[in-house]
Every structure is written in structure tokens, then in C-alpha cells.
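Now for the letters of each chain:
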Amino acid sequence: MKMDILSGNVTSIRAGDQEFDVVKHIHSSLVLFGRGTHVFIVRAKDGRCHILKDAWLLVDHGISEITILSQINDILNNDSSEDAQAYRSMHPRFIVGQELGDSTRARRGRLTDTPPDRVHRRVVTGPVGDPLTSFRSRVEFVKVILDCVKWLDYLHNKCKKVHGDLSVNNIVIYRSPLARPPSKASNLKINTTKRTNVNMPLRVTRNIAQQEQASFIPAPSTGLDEDIPVVGTVIDYDYARPIDTNMQRTSGTLPFMPLDALDTFNCGKYIHAPAHDLESLLQTVLGIVSFTDGPCGKCRPHAEHVPVARWYNEIDQEQLFKDKAFDLLSYDREVDRYIPEYWKPFSPYLRRLISATWTGSNPVALSSQASHKVYTDVLEEALKALEALGEVPAKYAPSSQKRLRSSDNDPGRYPYHLKFRRGGNLSSERLPRPADIKELSQWQDSINA
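Not measured: the values here are computed from a predicted model.

Participant: Can you walk me through the overall build of the protein in this structure?
Facilitator: Within the protein, the regular secondary structure consists of 11 helices and 16 strands. A separation of at least 24 residues holds for 69% of the contacts in the protein among residues at least 6 apart in sequence. Looking at the protein as shown, the accessible area adds up to about 24,200 Å², and 52% of this sits on carbon and sulfur atoms.

Pasting the structure below:
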């Protein structure tokens, strides 16, 4: 890893036998304890961009993400079906991975009662996508979720793997913008040839454009109106494992974890099944629908009451299990009635997915019964219904100007001397909260560490 000595920014990173130039540092873990994950957009020597993830994983975590991605990549390359041909470029594209041979055991020396050991791992994958919350319309959002269901079907039934950590951060929207301007009309086109399998996502043919290096120009600050092909892509396979693997530790991100994973009675005997991946996907959809009131992540007013907000603020696993079970059991009262007007046309289909996931009247007594076929059928119906509404997609990637100060004396939106004050009373000024110092042995890993 190389750094600029003046700015402190990472400029290049080596993984395996390849070196990548850093385009942008897009994620850095904000907590002292945990995986310490750093994520970069990097550029290889051939000019292609990828995602590089540098993290410290628990030694007893299970199968390495490098192993999982290598196995998926081999299956895709050896599968001659149309599904596999499409997924090779749209879903986990494994570039290179490396176990760096470093561990926390060596670094912690003679400390007693240390947290669990971790190993240092670096993985380079693709494609580079946009956040799930960047959807431009309800049609685009539902299509992305439908793509994820179809990919999970392939992952579960062809690759014999489960993902184990579906969440809002582990789904991205892969977009392939048209060249502006293309060198020829045929340089970049959508493959509209007849497909024998209607479930196969549309593929974007870019070979000719790449060969001729069609020129691109920056998008205007107001955004793009173009109809850009999209594909929903599932990323981050840190918790992926073969189907029917018994895990001593549950996995996932708390607000999106399936009920069975949260149930303390399953501790030490939990088996993450394909239906649990679909359940986590459904809970991700519920989160988006509950907290957004328009495209491009437009948030609903903060003052509005949203009962499922409990899922995002509760850290006690047992209590979260009870909260989720109650809200899902009382779906019409606790969830559906609070869905914003923007999502009302999608609401009936969401209710059908809830009924298909928990076929009984009590979610607590039943494990997830979700199936790929039912989810696909419901989402395809929803897609047709939403397309008929004719919603105009929002502009893609508009940029906002940073607020400029009117003069050198302008203190900005949040003057420093007011940052720690309650109201206008000078006596109410608060000092920054001091660090909470504890014994090292008292710290515990988060559930998705």
C-alpha cells in the first residue's frame, strides 16, 4: 500500500500479484472494534475499475470470501446457460484475493482476555455500482429487487450457497451509461435478440465501444435524463457459506436479520437457509419503503412516526426479535398504514410477499417459507402495474453545490461556538463528550462484525 506523504491519502494498493491505483476511498469503518473495513474504487493496469475491500475477519468466521467468490466464479464460467452468461458480468466478478498473513494475535502480544482473533484479508471484485437508495423510480427499484431474487435463485440452486447478510448496503444498482457521444450508433447497444429464457437480465454489449474507446464527457450538474439500463447486484460475500452449514454464530446486519437468526433459542444450532436470504431481502425492501417518499433516496419528514424505526435502534437481539415479530404479525397496523403515499401502488404486492414469507398467522411460530418462484411472480406483476402508471424517472446523478460563505466573517451554517449549546442560553453550553475508557476484555464484537 502506497500513500501520498503530503495528503496522507492512499494512492495504490497491491493485492496478490496485481497493483491497483486508488480512484476513491468510499468507505472507512468508524468504530475501533470490528472488521476495520476500508473500501476503495480502484483502477487496474488495463483501465478497468473494480472494488477493493481491505478488512480484518474473525478467525472462526468460517469460509473465506476469497474461497466463496472463486467457487462462484468457476461455476459461472463452466455454465453455458444464458443465465450464467448474463451473470458473469453483472454479478460477483472475482478479480483477485489475498490472505495477508497478518493477525491480531501477533499484534496484541501478551495482553490477557483479548477479543477473538482476526486475520487480515484483501479482496478485489466487481462491478462498481450505485447505492440501492439511488433508484430513479418505483419501476427501477422493483426491477433491481427482482434481479436480486433471480440471482439468489441461481446462487442457491446452482452454486449451492447462501449469502447470509442481505441488507441495504449489500445491494447495489449497476448502471451502464451510454457513451456521450458514441462513435457509431451501433457501438453501444442493448442486446435485444430473442432470449429463450425470459428471466435472463438484459445484457449491455460494450465490446465494440471499449475497443474503439468511445469518448465520454462529464454529466451536467443537473443530472441526466437518459434511460440507463440497470441491474440489481448483490455484493459482500463475507458471510456466504454452503447451504445447510450449522453456524455457532449468527450473522447479518441487525435491522435485516431473519427472525430465526434473532431467535435466541436457535443459538448454536442456527442454519441459514435460502428462504432466510429472501426474508432479509424483504426486510430490506420494507426499510426502503418505510423511510423514503420518492426516488433517489428522498426521505420522508423526520417528524413522522414510523414504528419499524425500532428495528434500526434496538441493539438487544432478543428484544429486536420481539419487535420484528410483533410488527410483522400486526403488519396492517404497524407497517402498511405508515407507508408513504409514493409507495401505495406497491403496497398490495408487498403485503403478498409478507403472506408468502410467513404462511401462518404467527411469524414467531414459523420459519420463513419464502420461495424464489412466488417472489418472482409477485414482483413481475408489481413491475407491470407500476410501468402502467407512467412515472417519469428522476434525473440520474445530479450534483449539489456546496454552500458558499457570503464573506470572510460568515461563520457558516453551524458556527463553532453554537455547536455544543442547547437553546440560546450561554450557561447551557456543553463540552464534547469524553471518550469512554474500558478494559479491553469488556469490549464485544457487534453481531455483524
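Participant: What exactly am I supposed to notice about the pattern of salt bridges here?
Facilitator: Once their charged atoms are close, side chains differing in charge can pair, the charge on each being opposite to the other. Taken as a whole and judged by the stated rule, the model has 20 salt bridges. K150 is the partner of E380 in a salt bridge, and the nearest nitrogen-oxygen pair spans 3.8 Å. Highlighted residues: E380 in helix α11 (residues 372-387) and K150 in helix α4 (residues 138-157), separated in sequence by 230 residues. For E380, a relative accessible area of 26% gives the class partly exposed. Relative accessible area serves as the criterion here: at 12%, K150 is assigned to the buried category. Taking the shortest distance from any N to any O, the salt bridge between E334 and R333 comes out at 3.1 Å. Given a relative accessible area of 13%, E334 falls into the buried group. Taken together, the shared-partner salt bridges connect K53, E65, D236 and D238 into one network.

Participant: Even after reading the chapter, I still don't get the packing of helix α7 (residues 274-291) against helix α10 (residues 347-357), so can you show me in this structure?
Facilitator: The axes of two packed helices give the description: the angle between them and the distance between them. In contact at an axis separation of 11 Å, α7 and α10 are set at 150 degrees when each is read in the N-to-C sense. One way to sum up the angle between α7 and α10 is to call them roughly antiparallel. In the packing of α7 onto α10, the handedness of the crossing is left-handed. Of α10, the residues touching α7 (which contributes E279, L282, V285, L286 and V289) are L350, L353, I354 and T357. In the contact of α7 with α10, the residues fall into seven nonpolar, one polar and one charged.

Participant: Can you help me understand the sheet that holds strand β8 (residues 130-131) in this one?
Facilitator: Two modes of strand pairing occur in sheets, parallel and antiparallel, and in both the strands are linked by backbone hydrogen bonds. The strand order across the open sheet built from three strands is β8-β10-β13, with neighbouring strands paired in antiparallel fashion. The sheet terminates laterally at β8 and β13 (230-234), the two strands that pair on one side only. As judged from the five bridges shared by strand β10 (residues 171-175) and β13, these two strands associate in the antiparallel manner. Each bridged residue has a counterpart across the sheet, and for R175 the counterpart in β13 is V230. Here α4 sits on the sheet in contact with β10 and β13, set at roughly 45 degrees to β13.

Participant: Sorry, what's going on with the sheet that holds strand β6 (residues 93-103) here?
Facilitator: Taking strand neighbours across the sheet as the criterion, the seven strands line up as β1-β2-β3-β4-β5-β7-β6 in an open arrangement whose pairing is antiparallel. Two strands lie at the open edges of the sheet, namely β1 (2-3) and β6, each paired on one side alone. Bridging between strand β4 (residues 38-43) and strand β5 (residues 49-58) involves six bridges; their strand directions are antiparallel. When the bridges of β5 are listed, V39 appears paired with K53.

Participant: Whenever I open this one, the environment of E381 confuses me. Can you help?
Facilitator: Relative to the helices and strands, E381 is located in helix α11. Given a relative accessible area of 39%, E381 falls into the partly exposed group. Separated by 32 residues in sequence, E381 and Y349 have C-alpha atoms that sit 8.1 Å apart. Discounting chain neighbours no more than four positions away, the residues touching E381 are Y349 and R352. At 2.9 Å, the side chain of E381 and the side chain of R352 are in polar contact.

About the criteria used
Residues numbered from 1 in each chain as written. Predicted model: local features only at pLDDT ≥ 70, side-chain atom pairs only at ≥ 80, totals over all residues. Heavy atoms only, no water. Helix = DSSP H or I, 4+ residues; strand = E, 2+ residues; numbered from the N terminus. Contact = heavy atoms within 4.5 Å. Areas by Shrake-Rupley, 256 points an atom, 1.4 Å probe, with all protein chains shown as cover. Salt bridge = Lys/Arg side-chain N within 4 Å of Asp/Glu carboxyl O. Buried < 20%, exposed > 50% of the residue type's maximum accessible area, 1.4 Å probe, protein only. Axes fitted to C-alpha atoms, helices over the stretch in contact; angles between N-to-C directions. Parallel < 35°, antiparallel > 145°, perpendicular 65-115°, else oblique. Left-handed = near helix turned anticlockwise from the far one by under 90°. Nonpolar A, V, L, I, M, F, W, Y, C, P; charged D, E, K, R; others polar. Pairing = 2+ DSSP bridges. Polar contact = N/O pair within 3.5 Å; in protein donor to acceptor, adjacent residues only side chain to side chain.

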